Amino acid sequence: MLRRLIAVALSLALVAGLSACGNKQSKTLTADTEGVYVDLGNLKYQVEISRTLNAADPEDGEYLKGVTTQLGTEDVWFAVFVRVENDTNKVQHPATQFDIVDTLSNVFNPVAIDLKSNDFGYDPVSLPGKSLLPNVDAIASQNSIGGQLLLFKMPRQTLDNRPLELKIHDPADVQTVGTVNLDV
């Protein structure tokens, strides 16, 4: 009888221990599509949407304010709108390095955006605990996209070299890179 009680008690302890292991949330470094959170350090990154921009379109013109880089005749503007979430109780520092890589291993970096004249540009300010980029009061948060803009200049033909991958470099660990397959 005593053996049976000990066996049952040990079994229950083992089950409790194993079930606790299953409660750990794994880190996601690769997203097969936009909308999936990528975990880097203590922050979560989400691509809200990516698309080409048309400077002649009034809405897209707002996204291009403060951009001094000129577009060549064979180039396109490619926008990636990101959201960053700090679920911790501590201040966190968002990524400052992003790249887009195509299937031919061409690498594209974001162009500079003057944040004083563009309300949508990505601004990697320190994030207090339990906060978001863009801030809930920011214009970038209140439009239908709900993300801050990373703007890339790339040859039009690059759009044929799919899938395009957004690489997010963890500022605290240069070896860690999150990847999001972009919908083009």
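See the structure above.
Criteria and thresholds
Positions within a chain are numbered from 1, following the residues in the order the chain's sequence is written. Where totals are concerned, whole chains, interfaces and linings use all residues; where local detail is concerned, this predicted model gives features only for residues with pLDDT of at least 70, and gives and counts side-chain atom pairs only at 80 or more. Neither water nor hydrogens contribute to the side-chain values; these are computed over all heavy atoms in the structure. Nine residue types can take part in a nonpolar core, namely buried Ala, Val, Leu, Ile, Met, Phe, Trp, Tyr and Cys, and a core is a set of them joined through side-chain atoms within 4.5 Å. For the exposure calls, accessible area comes from a 1.4 Å probe over protein chains only, and a residue counts as buried if that area is under 20% of its type's maximum, exposed if over 50%, partly exposed in between. Secondary structure follows DSSP: runs of H or I at least 4 residues long count as helices, runs of E at least 2 residues long count as strands, and numbering of each begins at the N terminus. Two residues qualify as a contact provided that any one of their heavy atoms is within 4.5 Å of a heavy atom in the partner residue. Note: two strands are recorded as paired if DSSP finds a minimum of 2 bridges between them. The salt bridge criterion pairs a side-chain nitrogen of Lys or Arg with a carboxyl oxygen of Asp or Glu, the two atoms within 4 Å.

**Considering the nonpolar core**
At step 1: Among the nonpolar cores identified, the biggest contains 27 residues, and Val80, Ile100 and Leu166 are the most heavily contacted of them.
At step 2: Of all the secondary-structure elements, those providing two or more residues to this core are β2 (37–40), β3 (43–53), β4 (75–86), β5 (97–101), β8 (148–155), β9 (164–169) and β10 (177–182).
At step 3: The dominant element in this core, judged by the number of residues it contributes, is β4, at five residues.
At step 4: The residues touching Val80, leaving out its near neighbours within four places in the chain, are Val47, Ile49, Ser50, Ile100, Gln148, Leu149, Leu150, Phe152, Leu166 and Leu182.
At step 5: The next biggest cluster of nonpolar side chains, apart from the first, holds 14 residues, and it includes Val67, Ala79, Phe81 and Ile113.

**Some details on unusual backbone geometry**
At step 1: Of the consecutive residues Leu133 and Pro134, the connecting peptide bond is found in the cis state with omega at -5°.
At step 2: For Pro134, the position within the fold is in the loop between β7 (131–133) and α3 (139–142).
At step 3: Of note, the amide linkage connecting Arg162 to Pro163 takes the cis form, showing an omega dihedral of 5°.
At step 4: For Pro163, the position within the fold is in the loop between β8 and β9.
At step 5: We note that Ser105 has phi near 70°; this positive angle belongs to a residue other than glycine.
At step 6: Note that Ser105 resides in the loop between β5 and β6 (107–108).
At step 7: A relative accessible area of 56% places Ser105 in the exposed class.
At step 8: Not every positive phi belongs to a glycine, and Lys130 is a case in point at roughly 55°.
At step 9: Among the structural elements, Lys130 can be located in the loop between β6 and β7.
At step 10: The class of Lys130 is exposed, set by a relative accessible area of 56%.

**Section: the pairing of β3**
At step 1: The sheet contact formed by β2 and β3 spans four bridges and is antiparallel. When the bridges of β3 are listed, Leu40 appears paired with Leu43.
At step 2: Inspection of the sheet shows β3 paired to β4 by ten bridges, in the antiparallel sense. Opposite Lys44, over in β4, you have Glu85 as the bridge partner.

**Some points on the sheet that holds β5**
At step 1: With mixed pairing, five strands are arranged side by side in an open sheet as β1-β10-β9-β5-β6. One side of each edge strand has no neighbouring strand; the edge strands of this open sheet are β1 (30–31) and β6.
At step 2: Bridge count between β9 and β10: six bridges; the pairing is antiparallel. When the sheet's bridge partners are listed, His169 is paired in β10 with Val177.

**As for the side chain of Asn161**
At step 1: By secondary structure assignment, the location of Asn161 is in the loop between β8 and β9.
At step 2: If sequence neighbours within four positions are ignored, Asn161 has contacts with Asp102, Thr103, Leu104 and Asn106.

**Examining the pattern of salt bridges**
Side chains that differ in charge, positive against negative, can pair when their charged atoms come close.
At step 1: Across all of its chains, the model carries seven salt bridges by this definition.
At step 2: Close ionic contact of Asp87 with Lys44 constitutes a salt bridge, the shortest N to O distance being 3.4 Å. In this pair, Asp87 is assigned in the loop between β4 and β5 and Lys44 in strand β3, connecting sequence segments 43 residues apart.
At step 3: Using a relative accessible area of 34% as the deciding quantity, one classes Asp87 as partly exposed.
At step 4: Among the salt bridges present, the one from Arg51 reaches Glu59, with a minimum N-O distance of 4.0 Å.
At step 5: Classification of Glu59 as partly exposed rests on a relative accessible area of 42%.

Geometric descriptors of this kind do not, in isolation, establish any biological role.
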